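# Fold and geometry: a report
Listed below, chain by chain, are the residues.
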Amino acid sequence: MKKKLLALLLALTMALALVACGGNGGGSGNGGGKDADSIDDTMTSSDGKYVIAMVTDVGQLKDKSFNQGTWDGVKLYASQNNKSYKYYAPANGNEATDEDRYNAYISAIDGGAEVIVAPGYLQEAAMKRAAVEHPDVKFVFIDGYPLADDSGNVLSNVVGVAFHEEQCGYLAGYAAIIEGYTKMGFTGGGGGTNPAVNRFGYGFVQGVSAAAAEAGVNAEINFSFLYGQSYSASPELQTQVNGWYANGTEVVFSCGGSMCDSVFAAAAANNGVSIGVDVDQADASNTVMTSAVKGLSEAASLMLGRFYNGKWDEVGGQAVNLGVDEDAVGLPMETSRFEKMTQDKYDELVNGMKSGGSLSVNGNYDTFLAGGETFPNVTVNFVQ
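In this section: the sheet that holds strand β5 (residues 158–163). Strand pairing in a sheet is mediated by backbone hydrogen bonds. Such pairs are either parallel or antiparallel. Strand order in this open sheet of six strands is β2-β1-β3-β4-β5-β11, and the pairing throughout is parallel. Both edges of this open sheet fall to β2 (85–88) and β11 (319–322), since each of them pairs with a single strand only. In this sheet, adjacent strand axes meet at a mean angle of 20 degrees when their direction is disregarded. By the bridge criterion, four bridges tie β5 to β11 in an arrangement that is parallel. Each bridged residue has a counterpart across the sheet, and for Ala-162 the counterpart in β11 is Asn-321. Here helix α3 (residues 98–110) sits on the sheet in contact with β1 (52–55), β2, β3 (115–119) and β4 (138–142), set at roughly 150 degrees to β3.

Here it is, written out as structure tokens:
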């Protein structure tokens, strides 16, 4: 799926004339034609300015998840198009305030940023403030939505890019049942307030339910946001997940930045299985059966291309929603450690989800999180 996703988005890029050639502000970063890991995270600009910036979300830059996936897209586009680039981490780390995030935006703008990419819904207030004050700077709100000023005027210098995470969450849950697992866990970041995380989890439950009903088995899911507020690994989270595995849980889906490190460690200690998120995490741990991925890197590159090719007016002030119709979410079948889930079955599910198909995955999780929704063949235990 990973190769297919990249090929599709590259095709979209070409069709929309997104490829920019040359450019200003070049520096000493590694050149194009390389993968993201081979491109320096820091570079020295020839003029001391950095025209493409990223403001990180909570957690670490190298979180194996949403920060890293977005940053990879920024680096790839910048290095391939001779643009200077820099990331800015808000002060106070996981305790960053809106003021800290705003100050990071201002540092980026003072440093020469023409366009700023920022992942995570927590960016909203700071991004809105910076975008209103600096209408000539463009903002790419990953996992976000269009923003408006206090008078209700939509900000044309902001594009919101969101994903149908419920779709790849569904695929991961369905595959877990196919692989023979019936006792599962979900641990998410944001305390239930992160829309992307909530869509992942809700889709996961729907996929487990559908596959369990078809297989005639019953499943159980421990569902918790208890230790994910900071999206970071923690002893408390690892202890919780250790307990789950010790009491019979077979596979845990972790959703939220470097929280995955605690889950991977617990899985390894208990001969358990894990499911990764956002990017393909197969290389992060041998316990990873599959990952519910979305095209963070590709989306960042896509929107940067819109700006530098003079096409911003087509996306500014808009909501860009990406899902299976764009091959922008799914499972990386080439690296998944499946024994029973086949490519044919995967393709059947994905095609069913596409427009005109018969498989509908609900992304409106409010009733579910409030405890007002039940599912055939699966019991969800909300762990508070």
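Moving on to the packing of α3 against helix α4 (residues 124–133). Interaxial distance between α3 and α4 falls to 8 Å at its minimum, and their mutual angle equals 40 degrees. When the interaxial angle is binned, α3 and α4 end up oblique. Here α3 and α4 pass one another in a crossing that is right-handed. Along the contact surface, α3 presents Asp-98, Glu-99, Arg-101, Tyr-102, Tyr-105 and Ile-106, while α4 presents Ala-125, Ala-126, Met-127, Arg-129, Ala-130 and Glu-133. By residue class, the composition of the contact of α3 with α4 is seven nonpolar, no polar and five charged.

Okay, the packing of aromatic side chains next. The final tally for this structure, using the stated rule, is 21 aromatic pairs. Centre to centre, the rings of Phe-200 and Phe-253 are 6.1 Å apart; their planes meet at 90 degrees, and the pair counts as edge-to-face. Here the residue Phe-200 occupies a position in helix α6 (residues 195–215), and Phe-253 occupies one in strand β8 (residues 251–255), the gap between them amounting to 53 residues. Comparing Phe-200 with Phe-253, the two get one shared label, buried. Here the aromatic residues Phe-186, Phe-200, Tyr-202, Phe-204, Phe-223, Phe-225, Phe-253, Phe-368, Phe-375 and Phe-382 are joined through ring pairs into a cluster of three or more. In this structure, Arg-129 is placed above the aromatic ring of Tyr-102, and the distance from its NZ or CZ to the ring centre is 3.5 Å.

In a regular helix each residue adds 1.5 Å, so 13 residues correspond to 18 Å; helix α9 (residues 296–308) covers 19 Å between its end C-alpha atoms and thus fits that length. Two residues or fewer after α9 comes Gly-310, characterised by a positive phi angle close to 75 degrees.

So, about empty space enclosed by the protein. Under the counting rule described, the total for this entry stands at three cavities of 30 Å³ or more. With three residues, α6 is the single largest residue contributor to the lining of the largest cavity. Taken together, the residues that form the lining of the largest cavity break down as five nonpolar, three polar and four charged.

This paragraph deals with the pattern of salt bridges. Applying the stated criterion to the full structure yields 14 salt bridges. A salt bridge links Lys-62 to Asp-41; its shortest N-O distance comes to 3.3 Å. Here the residue Lys-62 occupies a position in the loop between β1 and α2 (66–80), and Asp-41 occupies one in the loop between α1 (2–15) and β1, the gap between them amounting to 21 residues. Among the residues examined, Lys-62 registers a relative accessible area of 32% and is labelled partly exposed. Given the relative accessible area of 23%, Asp-41 is considered partly exposed. Here the residues in one salt-bridge network are Asp-143, Glu-165, Arg-199, Asp-278 and Lys-294, joined through shared partners.

Parameters and conventions
- Residues numbered from 1 in each chain as written.
- Predicted model: local features only at pLDDT ≥ 70, side-chain atom pairs only at ≥ 80, totals over all residues.
- Heavy atoms only, no water.
- Pairing = 2+ DSSP bridges.
- Helix = DSSP H or I, 4+ residues; strand = E, 2+ residues; numbered from the N terminus.
- Axes fitted to C-alpha atoms, helices over the stretch in contact; angles between N-to-C directions.
- Contact = heavy atoms within 4.5 Å.
- Parallel < 35°, antiparallel > 145°, perpendicular 65-115°, else oblique.
- Left-handed = near helix turned anticlockwise from the far one by under 90°.
- Nonpolar A, V, L, I, M, F, W, Y, C, P; charged D, E, K, R; others polar.
- Phe/Tyr/Trp six-rings, centres within 6.5 Å; stacked < 30°, edge-to-face > 60°.
- Buried < 20%, exposed > 50% of the residue type's maximum accessible area, 1.4 Å probe, protein only.
- Lys NZ or Arg CZ within 6 Å of the ring centre and 35° of its normal.
- Expected span 1.5 Å × (residues − 1).
- 1 Å grid on protein atoms, 1.4 Å probe; cavity = no way out; pocket = protein on both sides within 12 Å on 5 of 7 lines; lining within 4 Å.
- Points joined across faces, edges and corners; volume = space filled by probe spheres on them.
- Salt bridge = Lys/Arg side-chain N within 4 Å of Asp/Glu carboxyl O.

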